[in-house]
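Coordinate analysis (summary)
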Amino acid sequence: MTEELLICAPMRIEARAVRRGLRDSTGATGITRSGYGPRRAADRAGELKEDSFGQLAIMGTAAGLTADLSPGDLVVGTEAGAVSGGSAPLLAGELRRAGLNARAGRIATVDHLVRRAERPALAADGYLAADMESAALAAAAGGRPVAVVRAVSDTPDRPVAGIVSGGLAALRALRAAAPVVERWGAACGTRQVLLAGPRSFCAGVERAIEIVERALERHGEPVYVRKQIVHNTRVVGELEDRGAVFVEELDQVPDGATVVFSAHGVSPMVRQEASRRGLAVIDATCPLVSKVHAEARRFADGGYTVALIGHAGHEEVEGTLGEAPGSMVLVQTPEDVARLKPRDGEKVAYLMQTTLSVDEAAEVSGALRERFGSVRGPGSDDICYATTNRQAAVRAVAADSDLVLVAGSANSSNSVRLVETCERIGTPAHLIDSASDIQLGWLTGVSTIGLTAGASAPPAVVEEIISALSGLGPLSVSERVTTTESIRFGLPKEVRQ
Ligand code: SF4
């Protein structure tokens, strides 16, 4: 699958730094020079077009355009002229894991040394760095994968004065980046992606995000949100940018302010505290979590000991246990069931966290049924439709995949369960917040990648992952839909139009 990587560096000194970085490599990587400036780069690109390399990496120094860049920082080009560096987020992530300061961004190719006065205008156009060769050289790839890695030698603050020390820092960075770029080359190849359907946002998450957005429109910023509205760093970051303030507990919310309760629900104690404080509450608890709360109250009122199957410490579990603290016990494993001491063995009921693994929960509920013959369960499944559907969908693609990527944050229960679902059937799987979390080593020998997203992960992340993978070589994408979803939940009255 892997063909030879060719690294092109414009100047001798840059090529030497890269070669030193590759000193211990297998020697399968070729290094060539283009010469300095756009004209030489165009001439060299014309020659290289006919070469039989598999992937092209362009490495050299560049002028930094934004004030937050320092000499020695690396910019991985998301584009070089008309050529897309689709895998830039992935390569930048790998460089960061190697301990380098790297980010993906636009690199401008100009026909002269970029002057101090020109930098703000280029930065305003969204460029992070400028060089004189990358666009012309990238054209030599002719559709083969391209990576552009430029090390910052000078910055807007020190366009010339720091050029010697900055140049040395840049050359050191190029040297350190070389083995990582070589790993990028080894990860290139033809692949297919099997998309699991359904995936990504569920009705409860869409509703919770819309509640915060509407609260911001109505009340202006800040709108306080107790806990993460949903367990996803991207979603939380974007809402923060718009004025949402996420707090852990209500004592961080000023008196009289508006506070949104997250999709995972809260215990009655939290509601009472909000009311005592005079806070204006908007409840974004998913209706399917509220349903479990109601079942907990009903069983507890009927004198039952309620075993809640779930994971300790999860916000949803804490909220549900809080509905009837004197009657509820958390059980996580069949061993917990064996240790259970109900008040009355004839009056035991069980409920579940909504985002459990279907298989794991069945094991624990089976142990409860075995030990307590008259045990009562929920009226309808507590594991919600979105969790069940995403697990079935990922199972369908994992069976035919060498590797599964699950978009979702580490604290997202349903996303973690998707990883476990794959592992249970023997397919390696990784949870990633973004394309930059994909480790190049995972892709070795992998030709079919299953791809899904947890119920709290935005669809845009899936698109970004596909785009990054397509930067590693020809990528065919097909979707396997195991079921379709049409569930929508209404909004609370506080934010209804
Ligand atoms: S995963 Fe299920 S319970 Fe959680 S918010 Fe989505 S629909 Fe509601």
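Predicted, not measured: the structure shown is a model, and the values here were computed from it.

Describing the overall build of the chain
- Per the secondary structure count, the chain includes 16 helices and 21 strands.
- Expressed as a percentage of its 497 residues, the buried residues of the chain come to 55%.
- For the chain, the exposed surface amounts to about 20,500 Å²; the carbon and sulfur share of it is 50%.
- The chain carries 53 positive and 61 negative side-chain charges, and their two centres are separated by 3 Å.

Focus: the sheet that holds strand β15 (residues 305-309)
- Ordered by their spatial adjacency, three strands build an open sheet running β16-β15-β17, and the pairing between neighbours is parallel. At either end of the open sheet lies a strand with only one pairing partner, and these are β16 (328-331) and β17 (348-352). Each adjacent strand pair in this sheet contributes to an overall mean axis angle of 30°, direction not counted.
- Across four bridges, the pairing between β15 and β16 is parallel. Following the sheet pairing, Ala307 is matched in β16 by Val329.
- The strands that helix α10 (residues 287-301) touches are β15, β16 and β17; relative to β17, the one it contacts most, it runs at about 170°.

Some details on the packing of aromatic side chains
- On inspection of all chains with the given rule, the structure shows one aromatic pair.
- Between Phe299 and Tyr304 the ring centres are 5.5 Å apart and the planes differ by 65°, which places this aromatic pair in the edge-to-face class. For the pair formed by Phe299 and Tyr304, the shared burial category is buried.
- Above the face of the Tyr127 ring, Arg106 is positioned so that its terminal group lies 4.2 Å from the ring centre.
- For Arg144, the ring lying beneath its charged end belongs to Phe53, and the centroid distance is 3.8 Å.

Quick notes on the site of the ligand
- Taken together, the residues surrounding the ligand are Cys202, Gly204, Val205, Cys286, Leu288, Thr354, Thr355, Cys384 and Tyr385.
- Class assignment for the residues of the shell around the ligand results in six nonpolar, three polar and no charged.

Quick word on the pattern of salt bridges
- Inspection of the entire model under this criterion finds 32 salt bridges.
- For Arg106, the salt bridge identified is with Glu79, shortest N-O distance 3.0 Å. Pair noted here: Arg106 is in strand β7 (residues 102-109) and Glu79 is in strand β5 (residues 79-80), with a separation of 27 residues, a long-range link.
- Given a relative accessible area of 28%, Arg106 falls into the partly exposed group.

Overview of the side chain of Thr66
- Locating Thr66 in the fold gives a position in the loop between β3 (55-64) and β4 (74-77).
- By relative accessible area, Thr66 is classed as buried at 17%.
- If near-sequence neighbours (up to four positions away) are discounted, Thr66 is found in contact with Arg103, Ala123, Tyr127, Leu128 and Pro156.

A few points about the sheet that holds strand β19 (residues 429-432)
- Pairing is parallel in the open sheet, where five strands are placed in the order β19-β18-β20-β10-β21. In this open sheet, the two edge strands, each paired with only one partner strand, are β19 and β21 (475-481). Neighbour-to-neighbour, the strand axes of the sheet open up by a mean angle of 25°, direction not taken into account.
- Inspection of the sheet shows strand β10 (residues 191-197) paired to β21 by seven bridges, in the parallel sense. Bridging from a neighbouring strand, Gly197 pairs with Val481 of β21.
- Sitting on the sheet, helix α14 (residues 385-398) touches β10, β18 (403-407), β20 (448-453) and β21, and the angle it makes with β10 is about 155°.

Quick notes on the pairing of β19
- Strand direction decides the pairing type here: β18 and β19, joined by four bridges, are parallel. Looking at the pairing, Leu405 lines up with His430 of β19.
- Traced from β18 through helix α15 (residues 413-424) to β19, the parallel crossover comes out right-handed.

Overview of a positive patch on the surface
- A surface patch of like charges, here positive, comprises Arg12, Arg16, Arg19, Arg20, Arg23, Arg33 and Arg175.
- The greatest single-element share of the positive patch, amounting to four residues, is contributed by helix α1 (residues 12-21).
- Looking at the secondary structure, you find Arg33 in strand β2 (residues 30-33).
- The exposure class of Arg33 is partly exposed, given its relative accessible area of 35%.

Details of the nonpolar core
- Judged by nonpolar contacts, the single largest core of 53 residues is most densely connected at Leu95, Leu405, Ile465 and Leu469.
- The leading source of residues in this core is helix α6 (residues 163-187), at 10 residues.
- Excluding its chain neighbours within four sequence positions, the residues that come into contact with Leu405 are His430, Ile432, Ile438, Trp442, Ile449, Gly450, Leu451, Thr452, Ile465 and Leu469.
- Counting residues in hydrophobic clusters, the runner-up holds 31 residues, among them Ala208, Leu239, Phe246 and Ala455.

Quick look at the environment of Pro254
- Mapped onto the secondary structure, Pro254 falls in the loop between β12 (244-247) and β13 (258-261).
- For Pro254, a relative accessible area of 39% puts it in the partly exposed group.
- Each C-alpha atom of the pair Pro254 and Tyr224 lies 9.1 Å from the other, and the pair is 30 residues apart in sequence.
- Non-local contacts of Pro254, meaning those with residues more than four positions away in its chain, are made with Tyr224, Arg277 and Leu279.

Analysis parameters
Residues numbered from 1 in each chain as written. Predicted model: local features only at pLDDT ≥ 70, side-chain atom pairs only at ≥ 80, totals over all residues. Heavy atoms only, no water. Helix = DSSP H or I, 4+ residues; strand = E, 2+ residues; numbered from the N terminus. Buried < 20%, exposed > 50% of the residue type's maximum accessible area, 1.4 Å probe, protein only. Areas by Shrake-Rupley, 256 points an atom, 1.4 Å probe, with all protein chains shown as cover. Lys, Arg positive; Asp, Glu negative; His and termini not counted. Charge placed at Lys NZ, Arg CZ, Asp CG, Glu CD. Pairing = 2+ DSSP bridges. Axes fitted to C-alpha atoms, helices over the stretch in contact; angles between N-to-C directions. Contact = heavy atoms within 4.5 Å. Phe/Tyr/Trp six-rings, centres within 6.5 Å; stacked < 30°, edge-to-face > 60°. Lys NZ or Arg CZ within 6 Å of the ring centre and 35° of its normal. Near = heavy atom within 4 Å. Nonpolar A, V, L, I, M, F, W, Y, C, P; charged D, E, K, R; others polar. Salt bridge = Lys/Arg side-chain N within 4 Å of Asp/Glu carboxyl O. Right-handed = clockwise from strand over helix to strand, strands pointing away. Patch = residues over 30% accessible without salt bridge, like charges linked within 9 Å, V, L, I, M, F, W, Y side chains within 5 Å. Core = buried A, V, L, I, M, F, W, Y, C linked by side-chain atoms within 4.5 Å.

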